[in-house]
Amino acid sequence: VSLGFESIILYRFLRMDRARRAIPVGNKACHARYVKKRQEAHKKKLNEIKCSIDMTEPKRMVHMKKNPKKAQMMEERYAEIERDNRLLLEKMSYIMRHSSLDNDNQFKYAHSLNRDQRKRELQRITRENQHILDRIQAAEPTYDHLAWEEHEKQHQEYMKNICELPVVIHSGIVEEDDDDGICP
């Protein structure tokens, strides 16, 4: 037979409560209320219990706060870096003063052998692009914006005829309706 968690706790509670139940009482209801009150007070104290062990980190001693050996090593490292930087700067300034670099380009590059060919190709492409632009600008539009505006005016008239309230047209002007139509 498998017992649930609650039934195990109840069984343990009843076993622990045997001694208390053996003591005769005058009124069982009052005694039960007293026991319940004491149990609630006990649970409250258990919830409010504070730790008796100090879990904070210990205070650092004054002589432990500063590490003179580490400070000395860092100072030596910075001094070494400064010395290396100064040496590099001196070498660079010597090179700049004496112009000993071999970076002067004395060779002239030969001109491209197909320069004229590339120039002709670029001119041909430019002419073709101009020709295409002229054709696009001369083409008649396929959409008739005047017909669209006429269609929109007709649509607004239909809306005005079927609406009960004044029609708000996209321009922001409110038109009054004379009919008593119903707006969808």
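Residues numbered from 1 in each chain as written. Predicted model: local features only at pLDDT ≥ 70, side-chain atom pairs only at ≥ 80, totals over all residues. Heavy atoms only, no water.

### What about the packing of aromatic side chains?
Inference 1: For the coordinates displayed, the defined rule picks out one aromatic pair.
Inference 2: Aromatic pair Tyr-143 and Trp-148: ring centres 5.6 Å apart, planes at 40°, arrangement tilted.
Inference 3: Residue Tyr-143 is classed as exposed on the basis of its relative accessible area, which comes to 62%.
Inference 4: The class of Trp-148 is exposed, set by a relative accessible area of 55%. (Phe/Tyr/Trp six-rings, centres within 6.5 Å; stacked < 30°, edge-to-face > 60°. Buried < 20%, exposed > 50% of the residue type's maximum accessible area, 1.4 Å probe, protein only.)

### Digging into the pattern of salt bridges
Inference 1: Taken as a whole and judged by the stated rule, the model has four salt bridges.
Inference 2: Asp-84 is the partner of Arg-83 in a salt bridge, and the nearest nitrogen-oxygen pair spans 3.9 Å.
Inference 3: Overall, the relative accessible area of 34% leaves Asp-84 in the partly exposed class.
Inference 4: Notably, a salt bridge pairs Arg-124 with Glu-121, separated by 2.4 Å at the nearest N-O pair. In this pair, Arg-124 and Glu-121 are both assigned in helix α6 (residues 115-138), three residues apart and thus about one turn of the helix distant.
Inference 5: Shared partners join several salt bridges into a network, and the residues in it are Glu-121, Arg-124 and Glu-128. (Salt bridge = Lys/Arg side-chain N within 4 Å of Asp/Glu carboxyl O. Helix = DSSP H or I, 4+ residues; strand = E, 2+ residues; numbered from the N terminus.)

### Examining helix α7 (residues 145-162)
Inference 1: If you check α7, its first and last C-alpha atoms are 26 Å apart, about what 18 residues at 1.5 Å a residue would give, namely 26 Å.
Inference 2: Residue Asp-144 occupies the N-cap position of α7, its side-chain oxygen lying 3.3 Å from the main-chain nitrogen of Leu-146. (Expected span 1.5 Å × (residues − 1). Polar contact = N/O pair within 3.5 Å; in protein donor to acceptor, adjacent residues only side chain to side chain.)

### Details of the confidence of the model for the protein
Inference 1: When the pLDDT values of the protein are averaged, the result is 80; 72% of them are 70 or greater.
Inference 2: Looking at the elements of the protein, mean pLDDT is at its lowest for strand β2 (residues 174-175), recorded as 48, and at its highest for α6, recorded as 95.
Inference 3: With pLDDT under 50 throughout, residues 180-184 is counted as low confidence; its partners more than four residues away or in other chains account for 11 contacts. (pLDDT = per-residue confidence, 0-100. Contact = heavy atoms within 4.5 Å.)

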